[in-house]
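# Report on the structure
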Amino acid sequence: MRHALTNFGVAFACVGMLATAGSVSAGERGKFSGHAVLNSMKFTEYKALDGHPMKSAMAGELDGLIFHDGGGAAIDRMLDHAHYHVVWVGDGGGGGYCIKTFTTREGHKLFARCDSKATATGSAGVVTLLGGTGPFAGIKGKGRFNFVGVTPVVNWDDIEWDWETP
């Protein structure tokens, strides 16, 4: 009986360690780095009247996956193979912003905003973390992204940010 209780205690301790291995601690910080593949789902362009220097305004929607390639914290690893959704607006003059949502396999969401400038291959700029659900609740951070249009439908996005939990 004593041997069975000892085995039970060891098994219980192992389950406890596994349960906390992926948890997030208060005041934790890290640096996330990832590469994403995004598919253009929608694109709408509104032409300005003749002679307007900004030519048009546009909006679109992108959908894909992000792949984690840096940072060792549990919160970083949760984003590996996460669903990545982007809604963006461009002003026709080379500026724009977007709304980014990352959804983990467990259903937790991380929300971000981007502010961008057009580049020869797409856009680049600043990404700001806005919080989220579950382990992402209250998270704050800021970083950079580089979005490249590979074809009219296929795109990739290199993105990194420093983050901190409350």
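Placed above this text is the structure.
In this text, all values refer to a predicted model and were calculated from it rather than measured experimentally.

Parameters and conventions
- Residues numbered from 1 in each chain as written.
- Predicted model: local features only at pLDDT ≥ 70, side-chain atom pairs only at ≥ 80, totals over all residues.
- Heavy atoms only, no water.
- Phe/Tyr/Trp six-rings, centres within 6.5 Å; stacked < 30°, edge-to-face > 60°.
- Helix = DSSP H or I, 4+ residues; strand = E, 2+ residues; numbered from the N terminus.
- Buried < 20%, exposed > 50% of the residue type's maximum accessible area, 1.4 Å probe, protein only.
- Lys NZ or Arg CZ within 6 Å of the ring centre and 35° of its normal.
- 1 Å grid on protein atoms, 1.4 Å probe; cavity = no way out; pocket = protein on both sides within 12 Å on 5 of 7 lines; lining within 4 Å.
- Points joined across faces, edges and corners; volume = space filled by probe spheres on them.
- Nonpolar A, V, L, I, M, F, W, Y, C, P; charged D, E, K, R; others polar.
- Disulfide = S-S within 2.5 Å.
- Contact = heavy atoms within 4.5 Å.
- Patch = residues over 30% accessible without salt bridge, like charges linked within 9 Å, V, L, I, M, F, W, Y side chains within 5 Å.
- Areas by Shrake-Rupley, 256 points an atom, 1.4 Å probe, with all protein chains shown as cover.
- Salt bridge = Lys/Arg side-chain N within 4 Å of Asp/Glu carboxyl O.

### Digging into the packing of aromatic side chains
Applying the stated rule across the entire model yields four aromatic pairs. Relative to Trp161, the ring of Phe32 lies with its centre 4.7 Å away and its plane at 25 degrees, an arrangement referred to as stacked. Of this pair, Phe32 sits in strand β1 (residues 29-47) while Trp161 sits in strand β8 (residues 154-164), and the two are 129 residues apart along the sequence. Exposure remark for Trp161: the relative accessible area of 2% places this residue in the buried category. The structure contains a cluster of three or more aromatic residues connected by ring pairs, namely Phe32, Tyr84, Phe102 and Trp161. Lying over the aromatic face of Phe145, Lys100 brings its terminal NZ or CZ to 4.7 Å of the ring centre.

### Structural notes on the layout of surface pockets
Within this model, the largest pocket holds a volume of roughly 530 Å³. Lining of the largest pocket is provided by 32 residues; of these, Trp88, Ser116, Gly122, Ser123 and Phe147 occupy positions nearest its centre. Residue assignment for the lining of the largest pocket shows that the elements contributing at least two residues are β1, β2 (56-70), β3 (82-90), β4 (95-103), β5 (109-118), β6 (122-132), β7 (140-149) and β8. By residue number, the principal contributor to the lining of the largest pocket is β4, which donates five residues. Class assignment of the residues belonging to the lining of the largest pocket gives a composition of 14 nonpolar, 13 polar and five charged.

### Observations concerning the state of the cysteines
All told, the structure shown has one disulfide when counted by the stated rule. Residue pairing for Cys98: its cysteine sulfur links by disulfide to Cys114, the two sulfurs lying 2.0 Å apart. Here Cys98 is found in strand β4, whereas its partner Cys114 is found in strand β5, with 16 residues between them in sequence.

### Quick word on the side chain of Thr101
In this fold, Thr101 is placed in strand β4. Ignoring sequence-local partners within four residues, the contact set of Thr101 consists of His83, Tyr84, His85, Lys109, Leu110 and Phe111.

### Re a nonpolar patch on the surface
Taken together, the side chains of Val37, Val150, Val153 and Val154 make up a nonpolar region of the molecular surface, amounting to roughly 290 Å² of accessible area. For Val37, the location among the structural elements is in strand β1. Exposure remark for Val37: the relative accessible area of 40% places this residue in the partly exposed category.

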